[in-house]
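Reading the structure
Here is what each chain is made of, one letter per residue.
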Amino acid sequence: SFENVVTISDRAFFFRSFDQNGFKSRFFKVDLESLTIRGEDTHFSDAVNSMIIYDGQLNYDEIKNRLSYVCFYCNRVACFDTLFHLIHEWHTIDTTLIPTVHPVVRQKSITHGAPPRLVNGESCAYNGEIFVQSALKADNETDVNFNRNLVIDFYDEGNGLYKGSFYIPRLN
């Protein structure tokens, strides 16, 4: 199976998949012009069950021609070029370094053994910046503000420098 499909041109796209044995995630590039598929292990592939532990969102910055991967359950972010060369790995301002995920393997499937703690929500990249929806309330934030708004933190895509945060009102 595959997920996180990101189109980079009318003839190429990336996606994330996993092997059935260890549930290790891998990224793939498909070139429709040459009809080739290139798979790469990444540092998010190093753990068994990385498919679920390091679940996240793959983004493409079409202006800078770079990929980024933002983890849902920890504060890891990695930026790659379109040949899968690591440009930089960094952390969001949230302090969750280790995912609190408890995967359970049943026959040929994997699932959460308990509800995971979401650190980062949706994300996107544009013109050298990554925008990440924070799923955790900051210490200096009120419950009312956090519950009424989506909190978006944004960073320099290349070096991970935190640039600020803003609110988007929730629509009820």
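Treat the numbers as computed from the prediction; the structure is a model and nothing was measured.

1. Looking at the nonpolar core
As a rule of thumb, nonpolar side chains are buried together in soluble globular proteins. Core analysis: the biggest nonpolar cluster contains 15 residues, and Phe14, Leu58, Leu67 and Tyr69 have the highest contact counts within it. Secondary-structure elements contributing two or more residues to this core are strand S1 (2-9), strand S2 (12-18), strand S5 (56-61), strand S6 (66-71) and strand S7 (76-80). Setting aside its immediate chain neighbours within four residues, Phe14 contacts Asn4, Val5, Val6, Ile8, Phe28, Lys29, Leu58, Leu67, Thr82 and Phe84. Core analysis: the second largest hydrophobic core is formed by eight residues, Val77, Cys79, Ala125 and Val132 among them.

2. A short note on the side chain of Thr82
Along the chain, Thr82 turns up in the loop between S7 and strand S8 (86-91). Taking relative accessible area as the criterion, Thr82 reaches 14% and is therefore assigned buried. Ignoring any residue separated from it by four or fewer positions in sequence, one finds Thr82 in contact with Ile8, Phe14, Lys29, Tyr60, Asn65 and Leu67.

3. Some details on the environment of Asp156
When you line up the elements, Asp156 lands in strand S13 (residues 149-156). Sequence separation between Asp156 and Phe131 is 25 residues; the distance between their C-alpha atoms is 9.2 Å. Contacts of Asp156, omitting those with residues within four sequence positions, involve Trp90, Gly128, Leu161 and Lys163.

4. Details of the pairing of S5
Here S5 lies mainly inside the structure; six of its six residues are buried. Pairing analysis gives six bridges linking S5 to S6, with the strands arranged antiparallel. In the sheet register, Gln57 faces S6, and the bridge partner there is Val70.

5. Concerning the sheet that holds S6
The strand order S5-S6-S7-S8 describes an open sheet built from four strands, whose pairing is antiparallel. Here the strands that pair on one side only, and so sit at the sheet edges, are S5 and S8. Pairwise comparison of adjacent strand axes, ignoring direction, gives a mean angle of 15° for this sheet.

Reading the values: rules and limits
Residues numbered from 1 in each chain as written. Predicted model: local features only at pLDDT ≥ 70, side-chain atom pairs only at ≥ 80, totals over all residues. Heavy atoms only, no water. Core = buried A, V, L, I, M, F, W, Y, C linked by side-chain atoms within 4.5 Å. Buried < 20%, exposed > 50% of the residue type's maximum accessible area, 1.4 Å probe, protein only. Helix = DSSP H or I, 4+ residues; strand = E, 2+ residues; numbered from the N terminus. Contact = heavy atoms within 4.5 Å. Pairing = 2+ DSSP bridges. Axes fitted to C-alpha atoms, helices over the stretch in contact; angles between N-to-C directions.

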